[in-house]
Structures are given as structure tokens and as C-alpha cells.
Amino acid sequence: QQQQQHLAAMADLEREVGTWVEAVSGERRGGQDLGDWLKDGQVLCRLANKIKPGICPRINSGTMPFKQMENVTAFIHAARELGVLEKDVFSTVDLYEQKNLRSVWLCLYNLGSVIRTSAPSFRGPYLGVAQTSAVSDAARQRQSVTQDMGFRKDIDVEVRAGARKQRIAGEDPGAAVRP
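An account of the accompanying structure is given in this report.

Conventions adopted
Residues numbered from 1 in each chain as written. Predicted model: local features only at pLDDT ≥ 70, side-chain atom pairs only at ≥ 80, totals over all residues. Heavy atoms only, no water. Helix = DSSP H or I, 4+ residues; strand = E, 2+ residues; numbered from the N terminus. Buried < 20%, exposed > 50% of the residue type's maximum accessible area, 1.4 Å probe, protein only. Expected span 1.5 Å × (residues − 1). Bend = angle between axes of the 7 residues up to and from the residue. Contact = heavy atoms within 4.5 Å. Salt bridge = Lys/Arg side-chain N within 4 Å of Asp/Glu carboxyl O. Phe/Tyr/Trp six-rings, centres within 6.5 Å; stacked < 30°, edge-to-face > 60°. Lys NZ or Arg CZ within 6 Å of the ring centre and 35° of its normal.

1. Here we look at unusual backbone geometry
One non-glycine residue, glutamine 98, lies in the positive phi region at around 50°. Its location among the elements puts glutamine 98 in the loop between helix H5 (92–96) and helix H6 (101–118). Here glutamine 98 falls in the partly exposed class, since its relative accessible area comes to 30%.

Structure (C-alpha cells):
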């Protein structure tokens, strides 16, 4: 019972996402499975470019797997830039190897929702409700990283003074002590 409900919900999500991708991209998948249609990343890149022109500057049309995966990766970067939260972004193998298509559908659904606020020049159609929450890494923004960050600050002056004295006296602080 519960698994049937889950499968029905997944089918609904896939159908809704597929309809939205077709509407925004202007492309039709025909009878093709959504995962197979999106696998090479070309449709996804064109979709992102419809939302924000130029966000995926190069779309590979080759059939080599690494070129197709580059397209998928370019779309993932575009989704992040457009405001999809990291927790909602899928990995390349989720789509390319069809390991976790649910995460792909959820990422596309979240993209269709977040662009209401993150891409003001885009006029729709959209999915879901507008996402207004913002997440930022305050700790990372607050602190700049330096080469000597891990050193104790309370003995910094003494360490620097000691190193200077050794250099003045002609000692090599890195040399081994000889008996």
C-alpha cells in the first residue's frame, strides 16, 4: 500500500517535471523516457539557457560519455547559480547512470520553484511555490584563510623573535643538532 503510494507520487513528480521541461525548453521528448531524454545533458543546458541566457555557454553535442557528462555537470553548476540549494542538487551519475532519478526530478522541481525569485527576467512557467529562504555559510564568509592560521596567536611574537635571532646569529633553524 505505502510503496504503491510512493510509486504513484514519483510518477506524478516525473510527469510534472517532464511537462515543465518541455514547456520551458520548447522541445518535445515524444515517447522517450524522461531519464533517457535528459541523459546527455543537452536538453538540461538548453533549459538553463532559456531561464538565464548564457548560463551554460557551451553545450557538447557529441556522443562520447565524458562530453555528455560535461553537459550534465554544466547544468548542475547552473542550477546552483540559479539558487537551488546544495542539498537539492543531484550528482552527474544520478542522471547519467540513472542511479537516482528521484534526486534529478526533485532538483528540477526545486529549480522550477526557486527561479521565481532568482531569475527575475524569466517569466515562467514555474513549478511549485516560490522559495524565499536563503542559506549562507556565515562562518566561511567571516573568516579569511591564511597560511599560518593554525599557529597559536599568543606566542606569535616570541616565535617570530626567536626565528629572527637564529638567523642573525647564523644558525640554521632547520639543521639537525650535531653532538
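2. Here we look at H6
In an α-helix there are 3.6 residues to a turn, and that puts residues three or four apart on one side. Taking 1.5 Å per residue as the helical rise, H6 with its 18 residues ought to reach 26 Å, and the 25 Å between its terminal C-alpha atoms agrees with that figure. Where H6 bends most, the angle comes to about 25°, and this point is glycine 112. For H6, every residue scored as buried is listed here: Leu101, Ser103, Val104, Trp105, Cys107, Leu108, Asn110, Leu111, Gly112, Ser113, Val114 and Ile115. If you follow the buried residues of H6, they end up packed against helix H1 (2–25), helix H2 (34–38), helix H3 (42–51), helix H4 (65–81) and H5.

3. A closer look at the pattern of salt bridges
Scanning the entire structure with this criterion turns up nine salt bridges. Note that arginine 58 is salt-bridged to glutamate 70, the shortest N-O span being 3.2 Å. Highlighted residues: arginine 58 in the loop between H3 and H4 and glutamate 70 in helix H4, separated in sequence by 12 residues. Assessed through its relative accessible area of 34%, glutamate 70 is described here as partly exposed. Put simply, glutamate 86 and arginine 80 hold a salt bridge, and the shortest N to O gap is 2.8 Å.

4. Describing the packing of aromatic side chains
One pass over the full model with this rule turns up two aromatic pairs. A centroid spacing of 6.2 Å and a plane angle of 25° characterise the contact between phenylalanine 75 and phenylalanine 90, whose relative ring orientation is stacked. Of this pair, phenylalanine 75 sits in helix H4 while phenylalanine 90 sits in the loop between H4 and H5, and the two are 15 residues apart along the sequence. Of the two residues, phenylalanine 75 and phenylalanine 90, both sit in the buried class. Considering the side-chain rings of phenylalanine 122 and tyrosine 126, the 5.7 Å spacing of their centres and the 85° angle between planes classify their relative orientation as edge-to-face. What makes phenylalanine 122 buried here is its relative accessible area of 7%. Over the face of the ring belonging to tyrosine 96 we find lysine 39, whose NZ or CZ atom lies 4.8 Å from the ring centre.

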